[in-house]
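Here are the chains, one letter per residue:
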Amino acid sequence: MPRESDRIAHPWGARTPYGPGRPWPVRVDSFLQPGMSAEHIERWVPTASLLHSNGDAMDIAVADGRIVGVRGRAGDRVNRGRLGPKDLFGWQANHATDRLTTPLVRDGGELVACDWDIAMARIVTAAKSLLGERGPGAIGFYTSGQLFLEEYYTLAVIARAGIGTNHLDGNTRLCTATAAEALKETFGCDGQPASYADVDHADVIALFGHNMAETQPVLWMRALDRLEGPEPPRLVCVDPRPTPAARCATVHLAPRAGTNVALLNALLHEIIRTDRIDRDYIDARTVGFDELAAQVATCTPAWAAGICDVPARKIEHAAEVLGEAERLLSTVLQGVYQSHQATAAAVQVNNLQLIRGMLGRPGCGVLQMNGQPTAENTRECGADGDLPGFRNWQNDRHVTDLAEIWNVEPTRIPHYAPPTPAMQIFRYAEQGSIRMLWISGTNPAVSLPDLARIRSILGQERLFTVVQDLFLTETAQLADVVLPAATWGEKTGTFTNADRTVHLSDKAVDPPGEARPDLDIFLDFARRMDFRDRDERPLIAWHDPESAFEAWKRCSEGRPCDYTGLTYDRLRGDSGIQWPCTAQAPDGTERLYTGGITWATPDACETYGRDLVTGAAVSETEYRALNPDGRAVLKAAEYLPPHEDTDDEYPLQLNTGRTLYHFHTRTKTGRVPQLNAAAPDVWVELSPSEASRHGLAEGDLVEVTSPRGSLRGRLRITGIRDGMVFVPFHYGYWDTPAGDQPGADGGGRAANETTVTDWDPASKQPLFKTAAARLTLIAPGDGAIAPAPTTGASAPVHPRTIPPTIGGPAAVAVHTTDVLEGGAR
Ligand SMILES: Nc1nc2c(c(=O)[nH]1)N[C@H]1C(S)=C(S)[C@@H](COP(=O)(O)OP(=O)(O)OC[C@H]3O[C@@H](n4cnc5c(=O)[nH]c(N)nc54)[C@H](O)[C@@H]3O)O[C@H]1N2
Ligand SMILES: Nc1nc2c(c(=O)[nH]1)N[C@H]1C(S)=C(S)[C@@H](COP(=O)(O)OP(=O)(O)OC[C@H]3O[C@@H](n4cnc5c(=O)[nH]c(N)nc54)[C@H](O)[C@@H]3O)O[C@H]1N2
Ligand SMILES: [Mo]
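In this text the structure is predicted, and so the values were computed from the model without any measurement. (Residues numbered from 1 in each chain as written. Chains lettered and ligands numbered in written order. Predicted model: local features only at pLDDT ≥ 70, side-chain atom pairs only at ≥ 80, totals over all residues. Heavy atoms only, no water.)

**Describing the sheet that holds strand S21 (residues 577-578)**
Under the convention used in this document: Pairs of strands are assigned from DSSP output, requiring at least two bridges between the strands. Secondary structure elements are taken from DSSP: a helix is a run of H or I of four residues or more, a strand is a run of E of two residues or more, and numbering for both begins at the N terminus.
Reading across the sheet, the three strands line up as S19-S20-S21 and stay open at both edges, with antiparallel pairing between neighbours. Two strands in the sheet have a free side with no partner beyond their single neighbour: strand S19 (493-496) and S21. Here S19 runs beside strand S20 (residues 501-505); their pairing, made up of four bridges, is antiparallel. From the neighbouring strand, Thr 496 faces S20, where its bridge partner is Val 502.

**Quick word on the site of ligand 1**
Operational definition: We define proximity as follows: a residue is near a molecule or strand when any one of its heavy atoms falls within 4 Å of that partner. We call two N or O atoms a polar contact when they sit within 3.5 Å, provided that within protein one can donate a hydrogen and the other can accept it, with sequence-adjacent residues counted only if both atoms are side-chain atoms. Using the Shrake-Rupley algorithm and a 1.4 Å probe, accessible areas are obtained, with residue cover drawn only from the displayed protein chains. In this document the domain limits rely on a domain assignment from an automatic tool or a database.
Close to ligand 1 lie 32 residues, the nearest being Asp 239, Gln 334, Ser 339, Arg 658 and His 662. Gly 335 is positioned with one of its backbone polar atoms (N or O) 3.0 Å from a nitrogen atom of ligand 1. Within the backbone of Leu 660, one N or O atom sits 2.9 Å away from a nitrogen atom of ligand 1. With the chains in place, 100% of the 920 Å² that ligand 1 exposes on its own is no longer accessible. Contributions of two or more residues to the shell around ligand 1 are made by helix H6 (212-215), helix H14 (334-337) and strand S23 (652-657). Each of domain 3 (177-369 + 599-633) and domain 4 (652-794) contributes no fewer than three residues to the shell around ligand 1.

**Side note on the side chain of Ser 195**
The test is simple: Contacts are residue-level and defined by heavy atoms, with any inter-residue pair within 4.5 Å sufficient.
With respect to the helices and strands, the residue Ser 195 is situated in the loop between helix H4 (177-187) and helix H5 (198-201). Within the structure, the side chain of Ser 195 is placed 2.9 Å from the side chain of Arg 77, a separation counted as a polar contact. Among residues more than four places away in sequence, those in contact with Ser 195 are Arg 77, Leu 367, Asp 499, Gln 578, Glu 590 and Arg 591.

**Digging into the environment of Leu 50**
Summarising the element assignment, Leu 50 is placed in the loop between strand S3 (43-48) and strand S4 (57-63). Linking Leu 50 and Leu 660, residues 610 residues apart in sequence, is a C-alpha distance of 15 Å. Not counting chain neighbours up to four residues away, the residues in contact with Leu 50 comprise Gln 146, Phe 148, Pro 373, Thr 374, Thr 487, Trp 488, Phe 495, Phe 663 and Lys 668.

**Here we look at the pairing of strand S6 (residues 104-107)**
Sheet topology note: the S6/strand S7 (residues 110-113) ladder contains four bridges and is antiparallel. Residue pairing for S7: Leu 104 is matched across the bridge by Ala 113. With antiparallel pairing between neighbouring strands as the criterion, S6 and S7 make up a hairpin whose turn holds two residues, including Gly 108 at a positive phi of roughly 55°. Where S6 meets strand S18 (residues 481-484), two bridges bridge the pair, whose relative direction is antiparallel.

**With respect to the domain arrangement of the protein chain**
As a measure of interface size, the accessible area lost when the parts come together is often cited. Condition: Salt bridges are counted wherever a side-chain nitrogen of Lys or Arg sits within 4 Å of a carboxyl oxygen of Asp or Glu.
Domain parsing of the protein chain yields domain 1 (3-98 + 812-817), domain 2 (104-172 + 384-489 + 511-544), domain 3 (177-369 + 599-633) and domain 4 (652-794). Summarising the inter-unit geometry, the C-alpha centres of domain 2 and domain 4 are found 32 Å apart. Each partner contributes residues to the interface: domain 2 has 19 residues there, and domain 4 has 23 residues. Where domain 2 meets domain 4, there are one salt bridge. Viewed at the interface, domain 4 and domain 2 are joined by 12 residue pairs in polar contact (both at pLDDT 80 or more). Of all the elements in the fold, those that place two or more residues in the side of domain 2 that touches domain 4 are helix H19 (444-447) and helix H20 (451-458). Per-element accounting of the side of domain 2 that touches domain 4 gives the leading share, four residues, to H20.

**Description of the packing of aromatic side chains**
Two measures describe an aromatic ring pair: the distance that separates the ring centres and the angle between the ring planes. As a reminder, the rule being used: The rule is short: rings of Phe, Tyr and Trp, with Trp giving its six-membered ring, pair when the centres are within 6.5 Å, and they are stacked under 30 degrees, edge-to-face over 60, tilted in between. Throughout, exposure labels follow a simple rule: accessible area from a 1.4 Å probe, protein chains only, divided by the maximum for the residue type, with under 20% read as buried, over 50% as exposed, and the rest as partly exposed.
Under the criterion given, the structure shown has 17 aromatic pairs. Judged by centre distance (6.2 Å) and plane angle (40°), the ring pair of Phe 31 and Trp 91 falls under tilted. Taken together, the residues span a long stretch of sequence, with Phe 31 in strand S2 (residues 28-32) and Trp 91 in the loop between helix H1 (85-89) and S6 at a distance of 60 residues. The buried category is assigned to Phe 31, whose relative accessible area is 3%. The class of Trp 91 is buried, set by a relative accessible area of 3%. Measuring from ring centre to ring centre gives 6.1 Å for Phe 525 and Phe 531, while their planes differ by 70°; the resulting arrangement is edge-to-face. Phe 531 gets classed as buried once you look at its relative accessible area, which sits at 9%. Of the aromatic side chains, those joined through ring pairs into one cluster are Tyr 153, Trp 542, Phe 549, Trp 552, Tyr 563 and Tyr 568.

**Considering the site of ligand 2**
Residues in contact with ligand 2 amount to 35 residues; listed here are only the nearest, Gln 146, Asn 171, Ser 447, Asp 469 and Thr 665. Interatomic distance of 2.7 Å between a side-chain N/O atom of Gln 146 and an oxygen atom of ligand 2. In this structure, an oxygen atom belonging to ligand 2 sits 3.1 Å away from a side-chain N or O atom of Thr 487. Look at ligand 2: alone it shows 910 Å² of surface, and the protein chains cover 99% of it.

As structure tokens, then:
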């Protein structure tokens, strides 16, 4: 029977419990615009969610040339029909009345509408004159984790072989740079080892700095269904906030921010001390065990307890659960990647899996998670700080190979230094060596740390900025040229989720006005720049998504992310398919490293690695000596205290992150009524004892101040650890009254007014989770309530006094459980 429920109030829907090793039952979720029923629908168009990295497969319902709803795809390996709140309601943002519909150019200080010829001519003129006067290093590109594979690959060829600049990175630098770096450090190469199907098999699931229930709600539904079935897994959760996973964990550790390495070293210490290691696996598959054992030898739980402010017996308990696991699945996300010693900590999770021999088998593996829906493709295609196909910029054979595919001289592809990371690109723009910055699909004026600095960089007269977006974002408002882009549902392309599942997203409807797919914009630029290969033929020979995909397949051939067995036709089937997908593995590959470590040999690896603490590069010679046979590298790291710690002036640790109902800077979810109503404005979280120490109560208007700046929001009292303040980073300025802009009076509301300019030495990912701040009362709440959801980590400690978050009739989605198949009921 189809069942209806308010999917704002009940974000994870009804349970379909199942037991270990059984298939996850199907449950199909759908939401159609009110008054719309199945018979009105003209077409269902295949796609997957573009509002997180989970890759929930769905079909878009189209009627009268408009999107009117979505339905989860029952046959898909990722979601088996389920959809989360953003999946169900998010598509309504496409219809926002303030979409950009024409290009804009700055004239006399104002952005004015123009046609594509005028806008593109400005860009091409600027690019050509900079190339002539200052060379390729004067041009930078800052792209996204939200475009499609075909678009990144095209952009990578334009930047690296067309312009010849080293300055191309994605906002994936803020997102999954550490995931990539940790995989490279351990396995020699990027590529997710595990599979979502491991949730079906695991007997212990460990979450490190990952609020899965709110950020990958469908993956959490899978975990919840296991938790309610026979022989449920035990959970270990490491997070200073009381996330839904923390609430049902066997062990919840809530450490001081920035102490992950100390905690993980203590867990490794205990597992080695109690001899819960897999000697055979270690001997056969790894190098570096003795160094690791020596590094953690003194890292007792009592030692870590003092640093992390977590009871030693809880650390011992966690080590016991992890050590006794027979099928251990670990997941890692921003609580590690954006925290102090990011790569060093993420690598210790890899080490935990390896010394326990928990890899490449059902239920055993690590998910170094992605965040953005298409971040995996930014990485694969080399639109971030890597070369396409996970090639090694220090390996001349890899560069020659790429030059061959592009038919250019190898010297045309910059590889004299590592590709420039995003924070450095902004630094070059600040200093004036980069004079043109083309920003696509990201909103740095809200999402980068230390916003006053970012605004001043983007606002410079001498920097020519192009912004390609759906809306006139805070970033677009500072641009010289604004290009209106088509988005999900309005263009065709492929993308790959965090467990390597590739989905095709087909065009369902036309974009508004003159908005164009990002691919068409990049191809248009390449044509106007007249980039040529070494035979004087056009450098870019493809003309549409499918021909771009075919070109990418050739570039991926023989590399870990091999797409050669995939076609658009195959991807229009019931389910997405995991790479590598080749003639030998036509149905894709569930897990990597089932038969051994494959991409870590000196000739194949993507990097020779770095020192985790200093970031210093390991040379090829050193790597050959360390790892001649290409095993997994057990890399140890010592704990060091955070750079910015608390003091008398800034006594609180500053933590920033997400809520279930919003995506990033809210350009989409802020325009969706059901989602926006669930979390309409910024708030500030504090524990009960911290609140009473500050003399504050729920609903008080408070100011959060750091050495960079400040913001104001209403206080929510939650079960967060003492000594910490949390602020969601979703809220910028596009929908605030003019008077509420950041300024000397402290009227700001973006979390990044306060965050620090600092990054991990190995991955170059900026730190959004480790800084210091203070809190002051601006005005008492007088009965006001913080606009924070009650469903996730922001749930109040006194729920009876706070009305629960509900969506009401507008948020009723249908889920059908009558198509159940498989599964142990
Ligand atoms: N609803 C929603 N879902 C999303 C997104 C979204 O904006 N909204 N964005 C997507 C993207 S791009 C990303 S990257 C992911 C991010 O997904 P997550 O990483 O799950 O989300 P965050 O809230 O950034 O951070 C996770 C947790 O890290 C904890 N944390 C902070 N500091 C530390 C620390 O030092 N140690 C430990 N162990 N934990 C710490 C925080 O308390 C927080 O609960 O979500 C994706 N999914
Ligand atoms: N304080 C703090 N800051 C953070 C984080 C944190 O946890 N705390 N997390 C960081 C992380 S992990 C991430 S991923 C970033 C996210 O930061 P951003 O990438 O800046 O956030 P979004 O709001 O997703 O911006 C994407 C932009 O692309 C546009 N867009 C959407 N689809 C398309 C398309 O098809 N084409 C084009 N051209 N544009 C499109 C949207 O309208 C939007 O303006 O924020 C980072 N910043
Ligand atoms: Mo992200």
